[in-house]
Amino acid sequence: MPPVGASWRINKLHLPPVFASLCLTSTSSFQQPQIILMKEGTDSSQGKPQLISNINACSVVVDAVRTTLGPRGMDKLIVDNKGQATISNDGATILKQLDIVHPAAKTLVDIAKSQDAEVGDGTTTVVLLAGTLLEQCKHLIEEGVHPHAIIKAFRRSTNLAIEKINEIAVKINKNDPVELRSILEKCAGTSLNSKLIHQQKDFFAKIVVDAVMSLDILLPLDMIGIKKITGGSLEESRLIDGVAFKKTFSYAGFEMQPKHYENPKIALLNIELELKAERDNAEIRVTNVEEYQKIVDTEWKILYEKLDLIHKSGAKIVMSKLPIGDVATQYFADRDMFCAGRVVEQDMRRTIKGCGGAIMSTAHDLCDDVLGTCENFEERQIGAERFNLFMGCPHAKTCTIVLRGGAEQFLEETERSLHDAIMIVRRALKHDAVVAGGGAVELEISRHLRENSRSIAGKEQLFMAAYAKGLEVIPRQLCDNAGFDSTIILNKLRARHAEGGKWFGVDVLNEDIADNFKACVWEPALVKINALTAASEAACLILSVDETIKSPRSTAEEGPPMQGRGRGRPM
C-alpha cells in the first residue's frame, strides 16, 4: 500500500503500474545529507526564550546591587577566593568582585566599569536603569513585539531625555570663586552622602574640593595621591599640598641625616648603592689572599666613586628605586644629605612630575638638568608612620590626601568614596552644569516622555511609556532602601512635577518630598547623561541578541607527564 502522497502523484500523472512503483521506491529512499557546522557538544539557544533568559540574568545582577542605592543604601561584604574581605556599597566595586559568567549579564558589569572610569559616580544608578528598562520590555517580548521596534523607541526616548537634561540644567558661574567653591562642595557632599563616611561628608567635601582646586587646568587625576594609615579617627585625615609618601626601609645612620631642607636639589636614581654579594652572581677563583683583597678593594672603590659623583652633583636628597645600603646611608649622613631607597614606582613618578628631574641609571651624568627641586622638604611623623613631604613643587601642582581610620577595609572603602567624590568635582569643573539629585531629574524626564508619547501614533507610544516608567525606579528604590512607602511618595512627586516642581525629589531625612535643588542635593548633569546613555545602549544591545552559541569546554583528560632522561634514565 503506497503512501497517500505517492498514490496521489500516480493518479495525477496516470503512469503505468510498473513505472509508478519504481518512482515510489526512488522517492521514498531519498534522504537529505546531514550537515554538521559546529563541534559536537556546542550549546546553541535562540529565539524568544533565549532573549527572555538574558533579561532574567540581568535582573539577577540588578538585584545584587539594588539595595546599595542612595544615602540609606546597605553595604555588601564580599569575600574572594583568597579570603580577602571587601565591604562596599559602590556598584562598580561589587560587580568587579562578583565572578559573573553569564555572557549577557557581563554587559551590566561593563557599563558599571565605564561609568566609574568616565564619571566616577552613578555606577549603581546605571545598572539599575539598564535592568529596569529590560524588565519593562519583558512582557512586550513575550507578547510577540519585535525587539527592533523597542530599540528604536528607546533610542528616541534617550535623545529626548538628554535634551531635557541640558534644557533644565543650571550653569555654574566660574567667575565667582566663592560661589564656585560652594557648588563644588555641595556636589562632593551629594556623592559622599550615600557612602560609608556620610557622617563626615562636610569634612571630606572640603578636602576633596581643595585637592581638585590645587591641580592645574587639565585636572590630572594621578596628581592626587591617597595614602592610608591605620589608627586614629577620620577627622585626623589631612590634605598635604605636595608629594608625600611613607618612609622606606633604612639602615643604621639614617637618624643622623637632616630631616628638613629649604630649596634642595633632588637626585632620582635607579642605582643600587650597596655592596653586592658577588657569590650570588658570579664565580671568581683566586689563588692567594692578595688577589681576594684586590677584589674587595675594587668593590669598595666602585661604590665610593658612585657616592662621590652624587655628592659632587650638589644633590641634597637622594631617592632610588633600588636599595641604598648602610655604607651609603652613613656616607650621606656625614655630608648632611638625605637618602631613601626602595621607593615605589608610583611615588617616583609623582615626584618627577611635581619636582622635575629624571630617573638616572648612572651616577656619571648627574647635572642640574636632571635634578629636581622643591621649596620645602621635611620628614614628618603622622600616626605611627613617618612620611617624606615634598612641598612647593614648581613643575606641576600636586597634593596628597592622608587618610586615618580604624580597620583596613574601612580605609579602603573611604579611599573608594573619595575617588568618586574627586571624579564628581572634576566633572563639575569641566562641564559646568548641575542638576538636583534624589530622583528629581528622573521623574521630570519621565513626565516629559509621557507627554511626548501621547503625541505619537502607533506602538512606539507604548514603548516610550515603558521607558518613562522605567526611569521611576530611582526614586522608588530610594524610598524602599530608606524604609518608606514608595507608592505614597511617588504619587506626591508625580503630582508636584505635574504642577511644575521640576526639582522635587525624595527627602530621605524627613520621609517626604522636598525641593532638592534648594536642599543642595546637586549632581553634575554629565553623571545623569552618561548613566542614561550607557543604560539605554546596554538594554538595546541585550535586546538585539536572539541567539547564544557556547563552544564546548575541552574535556580531554591530560595524560601523565612524559618522563625525561634526567639522571641517566631512558625514555
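Residues numbered from 1 in each chain as written. Predicted model: local features only at pLDDT ≥ 70, side-chain atom pairs only at ≥ 80, totals over all residues. Heavy atoms only, no water.

Chemist: Is there a simple way to think about the pairing of strand S9 (residues 265–269) in this case?
Modeler: Regular strands place their side chains on alternate faces of the sheet. In terms of burial, S9 is a largely internal element, four of the five residues being buried. Pairing of S9 with strand S12 (residues 359–360), which is carried by two bridges, proceeds in the parallel orientation. Note that in S12 the partner of Leu 269 across the bridge is Met 360. (Buried < 20%, exposed > 50% of the residue type's maximum accessible area, 1.4 Å probe, protein only. Helix = DSSP H or I, 4+ residues; strand = E, 2+ residues; numbered from the N terminus. Pairing = 2+ DSSP bridges.)

Chemist: What's the story with the side chain of Ser 237 in this structure? I'm lost.
Modeler: By the element assignment, Ser 237 lies in the loop between strand S5 (224–230) and strand S6 (238–240). At 2.9 Å, the side chain of Ser 237 forms a polar contact with the backbone oxygen of Leu 234. Only 3.0 Å separates the side chain of Ser 237 from the backbone nitrogen of Arg 404, close enough to count as a polar contact. When sequence neighbours within four positions are dropped, the list of residues in contact with Ser 237 reads Phe 203, Phe 204, Ile 207, Val 402, Leu 403 and Arg 404. (Polar contact = N/O pair within 3.5 Å; in protein donor to acceptor, adjacent residues only side chain to side chain. Contact = heavy atoms within 4.5 Å.)

Chemist: Just checking my understanding: could you explain the layout of surface pockets for this structure?
Modeler: If a probe the size of a water molecule is rolled over the atoms, the empty space left behind becomes visible. Roughly 830 Å³ of internal volume is contained in the largest pocket. Every residue lining the largest pocket is counted, 45 residues in all, and those nearest its centre are Pro 71, Thr 190, Asn 193, Ser 194 and Val 521. If one sorts the elements of the lining of the largest pocket by residue count, helix H8 (residues 177–192) sits on top with six residues. Looking at the lining of the largest pocket residue by residue, the classes come out as 17 nonpolar, 16 polar and twelve charged. As a volume, the second largest pocket reaches approximately 360 Å³. The wall of the second largest pocket is formed by 19 residues, among which Leu 221, Ile 224, Ile 226, Glu 415 and His 419 lie closest to the centre. If you list the elements that add at least two residues to the lining of the second largest pocket, you get helix H4 (91–97), S5, helix H12 (345–355) and helix H13 (408–430). With five residues, the top contributor of residues to the lining of the second largest pocket is H13. (1 Å grid on protein atoms, 1.4 Å probe; cavity = no way out; pocket = protein on both sides within 12 Å on 5 of 7 lines; lining within 4 Å. Points joined across faces, edges and corners; volume = space filled by probe spheres on them. Nonpolar A, V, L, I, M, F, W, Y, C, P; charged D, E, K, R; others polar.)

Chemist: Where do I start with the packing of helix H3 (residues 48–65) against helix H6 (residues 123–142) in this structure?
Modeler: The relative placement of two packed helices comes down to the angle between their axes together with the axis-to-axis distance. In contact at an axis separation of 9 Å, H3 and H6 are set at 150 degrees when each is read in the N-to-C sense. By the angle class used here, H3 and H6 are roughly antiparallel. Handedness of the H3/H6 crossing: left-handed. Between H3, through Lys 48, Leu 51, Ile 52, Ile 55, Asn 56, Cys 58, Ser 59, Val 62 and Val 65, and H6, the contact on the second element is made entirely by Thr 124, Val 127, Leu 128, Gly 131, Leu 134, Glu 135, Lys 138, Ile 141 and Glu 142. (Axes fitted to C-alpha atoms, helices over the stretch in contact; angles between N-to-C directions. Parallel < 35°, antiparallel > 145°, perpendicular 65-115°, else oblique. Left-handed = near helix turned anticlockwise from the far one by under 90°.)

Chemist: Help me understand the sheet that holds strand S15 (residues 385–391) in this model?
Modeler: Hydrogen bonds along the backbone pair up the strands of a sheet, which may run parallel or antiparallel. Spatially, four strands are ordered S7-S15-S14-S8 in an open sheet, and the strand pairing comes out antiparallel. The sheet terminates laterally at strand S7 (242–246) and strand S8 (260–262), the two strands that pair on one side only. On average, each strand axis in the sheet is tilted by 25 degrees relative to the strand beside it, whichever way the strands run. Sheet analysis places strand S14 (residues 376–382) next to S15, joined by seven bridges and oriented antiparallel.

Chemist: When you look at the pattern of salt bridges in this model, what are you seeing that I'm missing?
Modeler: Side-chain pairs of opposite charge can arise whenever the charged atoms involved come near each other. Within this structure, the stated rule accounts for 30 salt bridges. Measuring nitrogen to oxygen at the nearest pair gives 2.8 Å for the salt bridge that ties Lys 528 to Glu 442. Of this pair, Lys 528 sits in helix H18 (residues 525–543) while Glu 442 sits in helix H14 (residues 440–453), and the two are 86 residues apart along the sequence. One connected set of salt bridges, linked through shared partners, spans Lys 164, Glu 167, Glu 444, Arg 447 and Glu 451. (Salt bridge = Lys/Arg side-chain N within 4 Å of Asp/Glu carboxyl O.)

Chemist: Got a minute to help me understand a nonpolar patch on the surface in this structure?
Modeler: Together, Leu 77, Val 79 and Ile 87 line one region of the surface with nonpolar side chains, adding up to about 270 Å² of accessible area. You can see Val 79 is positioned in strand S2 (residues 76–79). (Patch = residues over 30% accessible without salt bridge, like charges linked within 9 Å, V, L, I, M, F, W, Y side chains within 5 Å. Areas by Shrake-Rupley, 256 points an atom, 1.4 Å probe, with all protein chains shown as cover.)

Chemist: Would you mind going over the pairing of S7 with me for this structure?
Modeler: Across the five residues of S7, four count as buried, placing the element largely inside the fold. Across five bridges, the pairing between S7 and S15 is antiparallel. Following the sheet pairing, Lys 246 is matched in S15 by Phe 387.

Chemist: Help me understand the sheet that holds strand S20 (residues 522–524), please; the structure alone is not making it clear to me.
Modeler: Strands sit in the order S4-S17-S20 across an open sheet of three strands; the sheet is antiparallel. At either end of the open sheet lies a strand with only one pairing partner, and these are strand S4 (170–171) and S20. With three bridges connecting them, strand S17 (residues 433–436) and S20 associate as antiparallel partners. In the sheet register, Ala 436 faces S20, and the bridge partner there is Trp 522. Contacts from H18 reach S17 and S20, with the element oriented near 65 degrees to S20.

Chemist: How should the environment of Ala 161 be read in this particular structure?
Modeler: Looking at the element boundaries, Ala 161 is found in helix H7 (residues 147–168). The spatial distance from the C-alpha of Ala 161 to the C-alpha of Glu 444 is 9.3 Å, given a sequence separation of 283 residues. When sequence neighbours within four positions are dropped, the list of residues in contact with Ala 161 reads Ile 445 and Leu 532.

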